[in-house]
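As a plain string of letters, each chain reads:
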Amino acid sequence: MKKIKDELIDFTFVLPALLLFVFVLVAPFLQGVGVAFTNWDGFSPTYDFVGLKNLRVLLTDSQLLLPIKNTLLFTGVTVVCVNVLGLAVAIGLNQKIKGAALMRTIMFMPIVTSITMASIIWKYIYSDVFPLALGFSSPLASKEWVMLGISAICIWRDVGFAMVIYYAALKGIPEELIEASTIDGANAWQRFWHITFPLISPAVTTNIVYWICWGLQVYAYVATATGGGPAGSSETVAMYVYNYTFPFQKAGYGQMAGLVMMFCIYIISTTVTRILRKREEML
Amino acid sequence: MITKKRSTVIINIIMAMITLLFLSPFYIPFSYAFKTPLEIALSPLSFPTSFSFDNFIEAFEKANFSTVFSNTVIVTIFSVMLSVTVCTMAAYIIERKNNKFYNRILYLFMAALMLPFQTVMFPLYSQFKTFGLLNSLLGLIIAFAGFKIGFSTFLISRFVKTVPIELEEAAIIDGAGRYTLFFRIVVPLLKPIIMTSVVMGALGAWNEFMIPLVLATNQKVHTLAVSQYYFIGQYSMQVNVAFAYILASMIPILALYFLLQKYIVDGVTAGAVKS
């Protein structure tokens, strides 16, 4: 009897989090699965079950190709740049250099701004400073360059965050290891590839997967920087889902697109995790 | 030895340059907010000639700043309190029980990290409508906290692993119940990671964009990140006023960051080193 009571008391520790989680995520998710197979506009009292029609329309919609291309481009560019720069800065700051603490503080500052702020600041850097200082016009106004222009905003804002995670991983490497290899005559490059990199590779894996997940969901950077323009050339998958769900009032179709999006993110991120974990073992 | 010293100097210079490059965009809001539209048009990069606060006064009046600001403060404080409290309790019991049932709950929480907001956005909207939580601060607090559960529970649970269990065992022998144990002994030991969760949670909540965009369409419950978005749309002709608004909403969170930044690096470091 006492044992059951103890178990129940223990369960009350996890219960509030569980209730909140079910209310905000699990219940909406399950309802969403139901909505995805209907033609609901989102507010009418009645709607019909349409089976797989939404999925069929979605998979044959040629309008979806550009958002997919834009999303993949944004993800690829930000994942590579944020992680390479973040790691490089973390290594730089981990050397015994002057002002490292202040530099770390400043490098993390961009993430403290909201995405809205970051986009607006960069919009004016692109339109006012770029033509004056570098002699070229804003990438946000060009159909070819707009996604790279938006990616740069995200890179500026996120490098500091990646840097903190890599910096923490570097701090975890025992100094004796580095010292021993230096005495053995390893140069800086060899030390990095044979000692540092294998030891921080769990952080590399985590970071890459984080930024892939975030990149594939990108909405706010685009909405605040260009609103999808010029002429729809910077639309992303998340924006496609949002537009169908709310402004176009096709909640059933938007919900199906949202589910497919989740499925793709899940497949991509678990595949990448598996490949990177395998690589970790080989290092 | 000389080459070593020289390479350190070179790294130092490169790092200083990168840091300056990342700092330089902040010049725009700080200078535009004080300039007149004419000054911005003529010479975008020059310093403002006078430090007048007219732009700020105009922005505060037109953007309903005091309401939006207090909304943001209320939603940030209460959503962080709610999520950190429930996640600390959950993370503690999940780690201490460490059995199949509790580990499954942790996996469920963590699976949500991969769930895009767009997938639950519409049903969440209609569910909040049913419960009367749409366009209310309470609704925002619940939603902000709910979306934080996966990350915070994961972060805190890794730290709980490193807290020695002997102290708790001694207290159990003394006859203390689980709650006494938790609040008297465990919470003080978890203080570093709790502080990290509070700071990270506050930064996230202050800047959250997607959730209020969908759940708070009424201007009365706008928070800063969304209000900036609409305000800039309306005042794109008055760049100086728009940037005064941006700067005013950025300063409180920057101040909080400067005060509590050590908890960010410490918290991430604790998790990375000890896991």
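Computed from a predicted structure; not experimentally measured.

Chemist: So what exactly am I meant to see when it comes to the overall build of chain A here?
Modeler: Helix and strand content of chain A: 11 helices and 0 strands. Each helix and strand of chain A, ordered N terminal to C terminal, gives the series α-α-α-α-α-α-α-α-α-α-α. For 283 residues, the compact-globule formula gives about 19 Å, and the C-alpha radius of gyration of chain A, at 24 Å, lies well above that figure. Each of the three principal axes of chain A carries a C-alpha extent, and together these read 75 × 75 × 35 Å. Residues classed as buried in chain A amount to 53% of the 283 residues present. Per element, the accessible surface of chain A, about 13400 Å² overall, is 68% carbon and sulfur. Within chain A, one finds 19 positive and 16 negative side-chain charges whose respective centroids are separated by 2 Å.

Chemist: What exactly am I supposed to notice about the confidence of the model for chain B here?
Modeler: When pLDDT drops low, the exact placement of atoms in the prediction is not to be read closely. For chain B, the mean per-residue pLDDT works out to 86, and 95% of the residues sit at or above 70. The complex model carries a pTM of 0.91, and its ipTM stands at 0.88.

Chemist: I'm lost on the interface of chain B and chain A in this one. Help?
Modeler: By a frequent convention, interface size equals the accessible area lost on bringing the separate parts together. Each side of the interface is counted separately: chain B has 87 residues, and chain A has 86 residues. When the area that chain B buries against chain A is broken down by residue, the three leading residues are Phe22, Met114 and Phe122 of chain B, summing to 10%. Our enumeration of links across chain B and chain A arrives at 3 salt bridges. Where lysine 97 of chain B meets aspartate 10 of chain A, a salt bridge forms, and the shortest distance between an N and an O atom there is 2.7 Å. Our count for the chain B to chain A interface comes out at 18 residue pairs in polar contact (both at pLDDT 80 or more). Per element, the largest residue contribution to the side of chain B that touches chain A is 16 residues, and it comes from helix H14 (residues 239-274) of chain B. Classifying every residue of the side of chain B that touches chain A by side-chain character gives 71 nonpolar, 13 polar and 3 charged.

Chemist: Mind showing me how you'd approach the packing of helix H3 (residues 65-94) of chain A against helix H6 (residues 146-171) of chain A here?
Modeler: Geometrically, a packed helix pair is captured by the angle between its two axes and the distance between the axes. Residues and elements named next belong to chain A. Contact geometry for H3 and H6: axes closest at 6 Å, N-to-C directions at 40°. Between H3 and H6, the crossing angle belongs to the class labelled oblique. Like other packed secondary-structure pairs, H3 and H6 cross with a definite hand, here right-handed. Counted by class, the contact of H3 with H6 contains 22 nonpolar, 6 polar and 2 charged residues.

Chemist: Got a minute to help me understand the nonpolar core in this structure?
Modeler: Grouped burial of nonpolar side chains is what soluble globular proteins tend to show. Membership of the largest hydrophobic core comes to 182 residues, with the highest contact counts inside it found for Phe108, Ile150 and Tyr219 of chain A together with Leu215 and Phe243 of chain B. Apart from residues no more than four positions distant in its own chain, isoleucine 150 of chain A is found in contact with Phe74, Leu140, Tyr221, Val222, Ala225, Thr226 and Ser234 of chain A.

Chemist: Is there a simple way to explain the environment of phenylalanine 34 of chain B in this structure?
Modeler: All names here are of chain B. Looking at the secondary structure, you find phenylalanine 34 in the loop between helix H2 (27-32) and helix H3 (37-42). Note on phenylalanine 34: relative accessible area 11%, which makes it buried. In this structure, phenylalanine 34 is in contact with Pro48, Ser50, Phe51, Ser52, Phe53, Asn55, Phe56 and Leu247, ignoring residues within four places of it in sequence.

Chemist: Just to check I follow, could you spell out helix H6 (residues 100-111) of chain B for this structure?
Modeler: Think of an α-helix as 3.6 residues a turn; residues three or four steps apart then line up on the same face. Residues and elements named next belong to chain B. For H6, spanning 12 residues, the distance from its first C-alpha to its last is 16 Å, which sits close to the expected 16 Å at 1.5 Å a residue. Buried residues of H6: Tyr102, Ile105, Leu106 and Phe109, and no others. Down the axis of H6, the sector holding all buried residues measures 100°, keeping them to one side. Within H6, the exposed residues directed more than 90 degrees away from the buried face are Lys100, Arg104 and Tyr107.

Chemist: Sorry if this is basic, but what is going on with the pattern of salt bridges here?
Modeler: A pair can form between side chains of opposite charge whenever their charged atoms are brought close. The full count for this structure, using the stated rule, is 4 salt bridges over all chains. One salt bridge connects glutamate 7 of chain A with lysine 97 of chain B, and the closest N-O pair in it is separated by 3.2 Å. With glutamate 7 of chain A in helix H1 (residues 2-35) and lysine 97 of chain B in helix H5 (residues 65-97), this pair bridges two chains. Looking at glutamate 7 of chain A, the relative accessible area reads 36%, which means it is partly exposed.

Cut-offs applied
Residues numbered from 1 in each chain as written. Chains lettered and ligands numbered in written order. Predicted model: local features only at pLDDT ≥ 70, side-chain atom pairs only at ≥ 80, totals over all residues. Heavy atoms only, no water. Helix = DSSP H or I, 4+ residues; strand = E, 2+ residues; numbered from the N terminus. Rg over C-alpha atoms; globule rule 2.2 N^0.38 Å. Buried < 20%, exposed > 50% of the residue type's maximum accessible area, 1.4 Å probe, protein only. Areas by Shrake-Rupley, 256 points an atom, 1.4 Å probe, with all protein chains shown as cover. Lys, Arg positive; Asp, Glu negative; His and termini not counted. Charge placed at Lys NZ, Arg CZ, Asp CG, Glu CD. pLDDT = per-residue confidence, 0-100. Contact = heavy atoms within 4.5 Å. Buried area = accessible area lost by both parts, 1.4 Å probe. Salt bridge = Lys/Arg side-chain N within 4 Å of Asp/Glu carboxyl O. Polar contact = N/O pair within 3.5 Å; in protein donor to acceptor, adjacent residues only side chain to side chain. Nonpolar A, V, L, I, M, F, W, Y, C, P; charged D, E, K, R; others polar. Axes fitted to C-alpha atoms, helices over the stretch in contact; angles between N-to-C directions. Parallel < 35°, antiparallel > 145°, perpendicular 65-115°, else oblique. Left-handed = near helix turned anticlockwise from the far one by under 90°. Core = buried A, V, L, I, M, F, W, Y, C linked by side-chain atoms within 4.5 Å. Expected span 1.5 Å × (residues − 1). Arc of directions from axis to C-beta.

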